[in-house]
Amino acid sequence: MIFALAGNQNCGKTTLFNQLTGSNQHVGNFPGVTVDQKSGVIRGHRDCTVVDLPGIYSIRPYSGEEIVTRDFLLNQKPDGIINIVDATNIERNLYLTLQLIELQVPMVLALNMMDEVRSGGGTIDVKKMSQRLGIPVIPISAVKNEGISELLDALLQVAKNRVRPAVTDFCSQESPVHRCIHAVCHQIADHAEAAGIPIRFAATKLIEEDGDIVERLHLAQNEIELTEHLVVQMETEHGMDRNAALADMRYDFIESVCRDTVVRCHESRERARSEKLDNLLTHRILAIPLFLGIMLFIFWLTFDVIGAFLSDLLASGIGALTAWTDAGLSAYGINPVVHSLVIDGIFTGVGSVLSFLPIIVVLFFFLSILEDTGYMARVAFVMDKLLRRIGLSGRSIVPMLIGFGCSVPAIMATRTLSSERDRKMTILLTPFMSCSAKIPIYSVFTAAFFPRHRALVMIGLYVTGILVGIVAAKGFGKTLFRGNPVPFVMELPNYRFPSLKSVFQLCWEKARDFLQRAFTVIFVATLIVWFLQTFDTRLNVVSNSADSLLALVGQFLTPLFAPLGFGDWRVSTSLITGFIAKESVISTLGVLLGGSSNVSAAIAGLFSTATALSFLVFTLLYTPCVAAISAVRRELHSGWKAAGVALFQCCVAWAAAFLAYHAALLLF
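Residues numbered from 1 in each chain as written. Predicted model: local features only at pLDDT ≥ 70, side-chain atom pairs only at ≥ 80, totals over all residues. Heavy atoms only, no water.

### Details of the overall build of the protein
The condition that has to hold: Helix and strand labels come from DSSP, where a helix needs a run of H or I of at least four residues and a strand needs a run of E of at least two; each type is numbered from the N terminus. Put simply, the radius of gyration uses C-alpha atoms, and a globule should come to 2.2 Å times the residue count raised to 0.38. When a residue's accessible area, from a 1.4 Å probe over protein chains only, is under 20% of the maximum for its type it is buried; when over 50% it is exposed; and in between it is partly exposed. What makes two residues a contact is simply this: any of their non-hydrogen atoms within 4.5 Å. Using a 1.4 Å probe, the Shrake-Rupley method yields the accessible areas, and only the shown protein chains count as cover for residues. The charge count treats Lys and Arg as positive and Asp and Glu as negative. His and the chain ends do not count. Where a charge sits is defined by one atom per residue type, namely NZ (Lys), CZ (Arg), CG (Asp) or CD (Glu).
Looking only at helices and strands, the protein has 30 helices and eight strands in total. On C-alpha atoms alone, the protein measures out to a radius of gyration of 29 Å, which is about the 26 Å that the 2.2 N^0.38 rule sets for 668 residues. Each principal axis of the C-alpha distribution contributes one length, and for the protein these read about 90 × 50 × 50 Å. Here the protein holds 668 residues, and 56% of them are scored as buried. Of the contacts made within the protein by residues no fewer than 6 positions apart, 72% connect residues no fewer than 24 positions apart. Entry remark: accessible area of the protein is about 28,400 Å², with carbon and sulfur atoms responsible for 61%. Within the protein, the 56 negative side-chain charges are centred at a point lying 5 Å from the centre of the 55 positive side-chain charges.

Right under this line is the structure:
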């Protein structure tokens, strides 16, 4: 059996999914964590699969997540639905519940966060609510694993017995909406049955002018016109447009249910604490300076204190292992080419990247704390006003924030944007946000050229990426994407103490992803670079890498980068491998600079302070990696457009690096 897990954003859906399946999907105190459907087998029930659908507020196919959810429910026809709601904000959550009930699929309502309701002095009459809604209602706390077994028992019972919701009519008798819906139901009954769509659901979607449902019903033109006449008559009698009338009908029913079953909470300690903190953290003047201060503090701890210490410690260990292996291979008398492959290729290339693993883990440890507490949702709220000035909705900040981790899921997260204009514009801007794969590059160069100001240079690079994105957005808004951004509505969750499990889970995911890339993509790239810099065109071993195949390739690109200050073929070659994975830039430089385990010291003779700054700006802004461009191609449905995005980013990076280089020449 297949079960759909549906609910509003940030109501605990992914937490419940993890409890049911034993999975470790990332959970955040931040709306929009799930942007695609995920599935898992329910523990103890191998024949039962649950699908975690993106969080939505309504089954209206405007945004990507609403389309994913609606299509799954209509096309896959699950055996049951788990509708999880936030019991502390039940009125808004039940709006989706009523629409799910209309699908006439066996369904259970999970009242999540009941522990917070009780602690706030509130209660919910679960039995009476179940009678009013016509479905089982189970109180749970997904975080504390309370009520999960009862929820699962109720779900399996209604699914196996095919118990459909007993209540489907939410209208007051003889209201204009009631008459309209019933007249449309009578008119389209045969079409809905033939299409396999519940009649009442089809009727309400038809009234809402859902084009997909109109196509599925195969209505004749006179039937469409008659439906429109019924809707116009309802609007005239009710004094509201069709969508407002349906929403009013649903909320009237919800208010009636809550009036009979819910005792309101007093203001909880969590809510009171959140409001006090928001007075400071979302202050119209102090909010952005505080955010920048918090990020500067995190960068200082990461790159100058904790992360730097752990990175140096790991680098020393890798260096000792390299020396031990080098001595062992020399004592064994192994072939010099194989010796070079192992030491100068694998150990130097992969080892130089691995040493930065602690920095990435420490950075995401702090960022996951900010997300888990609910602060990142405030950042999105604060940034809305700024983003609207450059032609974007505040909702675009969500993929952009994800982009600081990795561009691929960030580009996928643009599916949550309801406006096609905002979505495409955000896809073009997200790669300018500096992803975690570039951290090894920043760490090496700041340690070599800016040792006393590492944190400042780091935050300067991140801010530069944001500023370039702002300038690009202004340009796009006046050329390719004219128009106004859609309004931004976002729920601000209560501040919560971070979950250690969630924080360490995210750190482990980042570490695992980094290690997988180090021993797959970066490993292969290192071998290719070693081979090309070891042999010439006749496959003879070269004594000087300047005579190698790699030098031949790099020399073609050298004139392109000469105006930026780094005209050495080894530098241009490292940028080429950066298209595969940004970490490969450092591994390539490590191999090309004589197999040095300390890349920061080795590059001191290859760059000046001005060229180092120019190189940092270029790597900040040029095309992220092949995986990111593939994600752009999938989202824009065009290889040519993806290639255009990559070319545009490279041109912007070249221009910005050119300006940075010549400005640095005047300063240093």
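### What to know about the UniProt feature "binding site: Mg(2+) 2" (unreviewed entry) in the protein
Under the convention used in this document: UniProt positions are given in the numbering used here, feature names are shortened, and annotations may be inferred rather than shown by experiment.
Under the local residue numbering, the UniProt record ascribes the feature "binding site: Mg(2+) 2" (unreviewed entry) to Asn 18 and Thr 21. When you line up the elements, Asn 18 lands in helix H1 (residues 13-21). Secondary-structure assignment places Thr 21 in helix H1. Owing to a relative accessible area of 10%, Thr 21 belongs among the buried residues under this scheme. In this structure, Thr 21 is in contact with Gly 40, Val 41, Ile 42, Arg 43 and Val 50, ignoring residues within four places of it in sequence.

### Some thoughts on helix H13 (residues 287-332)
Applied cut-off: Working rule for helices: expected span equals 1.5 Å times residues minus one. Two axes enter the bend calculation: one fitted to the seven residues ending at the residue in question, the other to the seven starting there, and the bend is the angle between them.
Given a rise of 1.5 Å per residue, 46 residues ought to cover 68 Å, and the 63 Å separating the end C-alpha atoms of H13 matches this to within 8%. The sharpest bend along H13 measures roughly 60° and falls at Gly 307. Two residues or fewer past H13, Gly 333 is found with a positive phi of approximately 75°.

### With respect to the sheet that holds strand E7 (residues 137-139)
Cut-off, in case you're wondering: Note on pairing: DSSP must find at least two bridges between two strands before they are called paired. Simply put, an axis is a line fit to the C-alpha atoms, just over the touching stretch for a helix, and the angle between two N-to-C directions goes from 0 to 180 degrees.
One open sheet holds the six strands; their spatial order is E2-E3-E1-E4-E5-E7, and the pairing between them is mixed. The sheet is open, and its two borders are formed by strand E2 (38-41) and E7, each paired with just one other strand. Recorded for the sheet is a direction-independent mean angle of 25° between the axes of neighbouring strands. Sheet topology note: the strand E4 (residues 80-86)/strand E5 (residues 107-112) ladder contains six bridges and is parallel. Residue pairing in the sheet places Asp 86 in a bridge with Asn 112 of E5. Strand contacts of helix H6 (residues 148-160): strand E1 (2-7), E4, E5 and E7, with the helix running at about 165° to E5, the strand carrying the most contacts.

### Considerations on the side chain of Ser 368
Residue position: Ser 368 is located in helix H15 (residues 357-373). Judged by its relative accessible area of 4%, Ser 368 falls in the buried class. Setting aside residues no more than four positions away along its own chain, Ser 368 makes contact with Val 503 and Leu 506.

### With respect to the packing of H13 against helix H16 (residues 375-389)
Packed helices, taken two at a time, are described by the angle between their axes plus the distance between the axes. Stated precisely, the cut-off is as follows: Here the word oblique covers every angle except those under 35 degrees (roughly parallel), over 145 (roughly antiparallel) and from 65 to 115 (roughly perpendicular). Whether a crossing is left-handed or right-handed is set by the direction in which the near helix is turned from the far one by less than a right angle, anticlockwise for left-handed and clockwise for right-handed. Residues are grouped as follows: Ala, Val, Leu, Ile, Met, Phe, Trp, Tyr, Cys and Pro are nonpolar; Asp, Glu, Lys and Arg are charged; all remaining types, including Gly, are polar.
In the contact formed by H13 and H16, the axes pass within 10 Å of each other and the chain directions differ by 135°. Classified by the angle their axes make, H13 and H16 are oblique. Relative to H16, the crossing made by H13 is left-handed. For the pair formed by H13 and H16, the contact residues are Ala 287, Ile 288, Leu 290, Phe 291 and Ile 294 on the first element and Tyr 375, Val 379, Val 382 and Met 383 on the second. Across the contact of H13 with H16, the residue classes tally to nine nonpolar, no polar and no charged.

### Let's talk about the nonpolar core
We apply this condition: Take the buried Ala, Val, Leu, Ile, Met, Phe, Trp, Tyr and Cys residues and link them wherever side-chain atoms come within 4.5 Å; each set so joined is a nonpolar core.
Membership of the largest hydrophobic core comes to 100 residues, with the highest contact counts inside it found for Leu 429, Phe 445, Phe 566, Ile 603, Phe 607, Phe 615 and Phe 618. Residue contributions to this core peak at ten residues, all from helix H21 (residues 454-478). Sequence-distant contacts of Phe 618, defined by excluding residues within four places in its chain, comprise Phe 561, Leu 564, Phe 566, Leu 575, Cys 650, Ala 653, Trp 654 and Ala 657. Of all hydrophobic cores here, the second largest spans 63 residues; its members include Val 126, Leu 230, Val 231 and Met 234.

### Structural notes on a nonpolar patch on the surface
The condition is simple: Like-charged residues within 9 Å of one another, or nonpolar side chains (Val, Leu, Ile, Met, Phe, Trp, Tyr) within 5 Å, are grouped into patches, provided each residue has over 30% relative accessible area and no salt bridge. Every case where a carboxyl oxygen of Asp or Glu lies within 4 Å of a side-chain nitrogen of Lys or Arg is listed as a salt bridge.
Together, Phe 297, Trp 300, Val 305, Ile 306, Phe 309, Leu 310 and Leu 313 line one region of the surface with nonpolar side chains, adding up to about 670 Å² of accessible area. The residue Trp 300 is located in helix H13 in this model.

### Thoughts on the domain arrangement of the protein
Short version of the rule: These domain boundaries are the output of an automatic or database domain assignment. The term buried area denotes the loss of accessible surface (1.4 Å probe radius) that occurs when two parts are joined, taken as the sum for both partners.
Its domain assignment divides the protein into domain 1 (2-161) and domain 2 (176-263). Taking only C-alpha atoms into account, the centre of domain 1 sits 25 Å from that of domain 2. Opposite the 25 residues of domain 1 that make contact, domain 2 presents 24 residues. Roughly 2,400 Å² is buried in total at the junction of domain 1 and domain 2, and carbon and sulfur atoms are behind 57% of that figure. Interface area lost by domain 1 to domain 2 is led by Tyr 95, Glu 102 and Arg 132, which between them contribute 30%.

### So, helix H7 (residues 176-195)
Taking 1.5 Å per residue as the helical rise, H7 with its 20 residues ought to reach 28 Å, and the 27 Å between its terminal C-alpha atoms agrees with that figure. Buried residues in H7 make contact with helix H8 (199-207), helix H9 (211-217), helix H10 (221-238) and helix H11 (242-261).

### Regarding the side chain of Glu 223
What counts, and what does not: Counting of polar contacts relies on pairs of N or O atoms within 3.5 Å, with two restrictions inside protein: one atom must be capable of donating a hydrogen and the other of accepting it, and residues adjacent in sequence are counted only when both atoms are side-chain atoms.
Its place among the elements puts Glu 223 in helix H10. Buried Glu 223, no salt bridge; nearest opposite-charge side chain is Arg 242, N-O distance 16 Å. Separated by 2.8 Å, the side chain of Glu 223 and the backbone nitrogen of Ala 220 make a polar contact. Those residues within four positions of Glu 223 in sequence are excluded, and the remaining contacts are Gln 187 and His 191.

### Topic: the pattern of salt bridges
Counting across every chain of the model gives 20 salt bridges. The partner of Glu 102 in a salt bridge is Arg 200, and the shortest N-O contact between them spans 3.5 Å. Here the residue Glu 102 occupies a position in the loop between helix H3 (90-101) and E5, and Arg 200 occupies one in helix H8, the gap between them amounting to 98 residues. Judged by its relative accessible area of 1%, Glu 102 falls in the buried class. Measuring nitrogen to oxygen at the nearest pair gives 3.7 Å for the salt bridge that ties Arg 242 to Glu 209. Here Glu 209 lies in the loop between H8 and H9 and Arg 242 lies in helix H11, a separation of 33 residues in the sequence. Judged by relative accessible area, Glu 209 falls into the exposed class, the value being 52%. Three or more residues are tied together by salt bridges with common partners; here these are Arg 70, Asp 71, Asp 210, Asp 212 and Arg 216.

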